[in-house]
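# Descriptive analysis of the structure
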Amino acid sequence: VEGRQVAMDEVVPVDDLVRARWTWPEAEKALGVKGRVVVEFTVGRDGRVSDVALLEANVPLSMQEAALVAVPAAVAPPPDGQGPLRVRYVFRYGD
């Protein structure tokens, strides 16, 4: 996918939407499992999220899946109507 790559602080509406849909699986939270999941995704001109890719994770599969489920649900227009944007997003569990 062509487009410029941005940090999450440039795509604040998407950040808010992703965080609203992100969960920390209860079993892992109760056990105090900590770590991070890094994903990349594209925000199209219409605000739809696509091409979600897991880049790195040091947590159990259930936590990776929770992060991956949160991303496609986020829909927001890119800043200044630009797009598509390739975004790298870091989910931090317990940090």
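Bear in mind the structure is a predicted one, so any value in this text is a computation, not a measurement.

Another aspect to go through is unusual backbone geometry. Trans peptide bonds make up most of the peptide bonds, and negative phi angles are found at most residues other than glycine. One non-glycine residue, Asp51, lies in the positive phi region at around 50°. Relative to the helices and strands, Asp51 is located in strand β3 (residues 49-57).

One pass over the full model with this rule turns up four salt bridges. Across the salt bridge formed by Glu40 and Arg86, the nearest N and O atoms sit 3.4 Å from each other. Here Glu40, found in strand β2 (residues 35-43), pairs with Arg86, found in strand β4 (residues 85-93); they are 46 residues apart in sequence, far enough to count as distant. One network of salt bridges, in which partners are shared, links Glu40, Arg86 and Arg88.

Time to look at the nonpolar core. One finds Val18, Val37, Val39, Phe41, Val71, Phe91 and Tyr93 to be the most contacted residues of the largest nonpolar core, which totals 19 residues. The set of elements that each furnish at least two residues to this core consists of β2, α3 (61-70) and β4. At five residues, β4 tops the list of elements feeding residues into this core. Contacts of Val39, omitting those with residues within four sequence positions, involve Ala53, Leu54, Leu55, Leu68, Val71, Val87, Arg88, Tyr89 and Phe91.

This next bit is on the side chain of Arg86. Arg86 sits in the buried class, given a relative accessible area of 16%. A distance of 3.4 Å separates the side chain of Arg86 from the side chain of Glu40, its partner in a polar contact. Only 2.8 Å separates the side chain of Arg86 from the backbone oxygen of Asp51, close enough to count as a polar contact.

For the chain, the mean per-residue pLDDT works out to 80, and 75% of the residues sit at or above 70. β3 holds the highest mean pLDDT among the elements of the chain, 92, whereas strand β1 (residues 4-6) holds the lowest, 54.

Cut-offs applied
Residues numbered from 1 in each chain as written. Predicted model: local features only at pLDDT ≥ 70, side-chain atom pairs only at ≥ 80, totals over all residues. Heavy atoms only, no water. Helix = DSSP H or I, 4+ residues; strand = E, 2+ residues; numbered from the N terminus. Salt bridge = Lys/Arg side-chain N within 4 Å of Asp/Glu carboxyl O. Core = buried A, V, L, I, M, F, W, Y, C linked by side-chain atoms within 4.5 Å. Buried < 20%, exposed > 50% of the residue type's maximum accessible area, 1.4 Å probe, protein only. Contact = heavy atoms within 4.5 Å. Polar contact = N/O pair within 3.5 Å; in protein donor to acceptor, adjacent residues only side chain to side chain. pLDDT = per-residue confidence, 0-100.

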